[in-house]
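# Notes for the structure review
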Amino acid sequence: MNNCESEEIVEAANIAISNLLPTKSRSLYDIAYNRFKKWCAEKNVQVYSENVLLAYFSENAKNYKSSTLWAQYSMVKSCLIIYDNIDISKFPKLIAFLKRTGDGYQAKKSKILTKSEIDRFLSSADDKEFLMIKVGLILGIAGACRTDELVNLTVDDIEDVGSSLIVKIPNTKTKIPRIFVVTDVGNMLELFRKYLSLRPPHVKHKRLFLYYKAGKCSSQPVGKNTMGKIRSVVASYLKLPDVACYTGHCLRRSSATLLADAGVDITTIKRHAGWKSTTVAEGYVENSIENKTKIANQFLVGTTTSAITKTVNVSESNIPSNINFENCTKM
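In short, a report on the structure. Since we're looking at a predicted model, the values are computed, not measured.

### Looking at the overall build of the protein chain
Looking only at helices and strands, one finds 16 helices and six strands in the protein chain. Taken across its 331 residues, the protein chain has 40% of its residues classed as buried. Long-range contacts, defined as pairs at least 24 residues apart, comprise 62% of the intrachain contacts of the protein chain with a sequence gap of at least 6. Element-wise, carbon and sulfur atoms account for 53% of the exposed surface of the protein chain, whose accessible area totals about 18,900 Å².

### Quick word on helix α11 (residues 230-237)
Listed as buried for α11 are Ile230, Arg231, Val234 and Ala235. Down the axis, α11 shows its buried residues gathered within 130° of arc, on one side only. Tucked inside the fold, the buried residues of α11 contact α6 (115-124), α7 (127-142), α10 (224-227) and α12 (250-261). Lys239 sits one or two positions beyond α11 and adopts a positive phi of about 60°.

### Comments concerning α12
An α-helical segment advances 3.6 residues per turn. Residues three or four places apart therefore align on the same side. Look at α12: 16 Å from first C-alpha to last across 12 residues, which is about the 16 Å you get at 1.5 Å a residue. Counting buried positions over the 12 residues of α12 gives 12, a clear majority of the element. Among the residues of α12, those classed as buried are Cys250, Leu251, Arg252, Arg253, Ser254, Ser255, Ala256, Thr257, Leu258, Leu259, Ala260 and Asp261.

Rules used throughout
- Sequence positions are assigned chain by chain, starting from 1 and proceeding in written order.
- Reporting in this predicted model follows two pLDDT cut-offs: at least 70 for local features of residues, and 80 or more for side-chain atom pairs to be given and counted; totals over whole chains, interfaces and linings ignore these cut-offs and use all residues.
- To obtain the side-chain values, all non-hydrogen atoms of the structure were used and water was disregarded.
- The way it works is that DSSP assigns letters per residue, a run of H or I at least four long becomes a helix, a run of E at least two long becomes a strand, and they are numbered from the N terminus.
- Type-normalised accessible area, obtained with a 1.4 Å probe on protein chains alone, sets the label of each residue: buried when under 20%, exposed when over 50%, and partly exposed for intermediate values.
- In what follows, a contact means two residues having at least one pair of non-hydrogen atoms within 4.5 Å.
- In short, Shrake-Rupley with a 1.4 Å probe defines the accessible areas, and a residue's cover is counted only from the protein chains shown.
- When we speak of the arc, we mean the arc of directions from the helix axis to the C-beta atoms.
- Each helix should span, by expectation, one fewer than its residue count multiplied by 1.5 Å.

Okay, here's the thing in structure tokens:
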């Protein structure tokens, strides 16, 4: 401890440092850091040089794919800065090595649900068995929702204004909710209201999604595992091939792809789903056959490239009718 620093200042600094790592995933950071420290102890490493980090990640590269290596690097980097005041982001050879591990690697992306598949499930699946799944699918697609966002959605987050639902997705970091609207298309609002009407009067919490069986809701809230199965339940019911390929990002990818196929520009898609990075948003958009067909038809009728790539007026585009963009910006 610096003699000029009081114990109070040191304690305050330690508390601040302890809050630098993400709260939700802090345990993962500690595991990655401790694994690295254990490896260093086994190798009698005293100084965390670039060669040491190269040797460590070179060994890990034999067992892990590129995306996992980058995740481990990010967590070890953060911990070394916080606990050891060492910045490994300034190790150019290490960065070059990690980039090379990704050569030829293609991340597996979730399959998407098409508009016709979504409509078919909503219209044909029996409400007595699938009503909760239907409501989760509607909100998940309309709002490009993550699984945990659906799990934590409360009855207070949804306002039924008659002709539509105004849905607010809370943001714990910015405190500014992400908003989307579900309009009265088909029987979507009817399905939501039917499910809400089955809510037992004695439920003490406000979580929207409750366990549902044989046409009745219990008071127990739906957990992340059950909510995460929505896409596979839909795919299984529709007898789609490769059900296991409809993974956790299915609803967000499906939503982004429906919007892209409708001609919505990437800026609006980012705003709608809450993405900051254009690259990340583009990664969620499936390069669908439907979109390729539209482009091919545009070429066949003599449309120029500039006309194809121009920003589409949202109000005039062929947007899936259950998604409204007038209120999708952050308030």
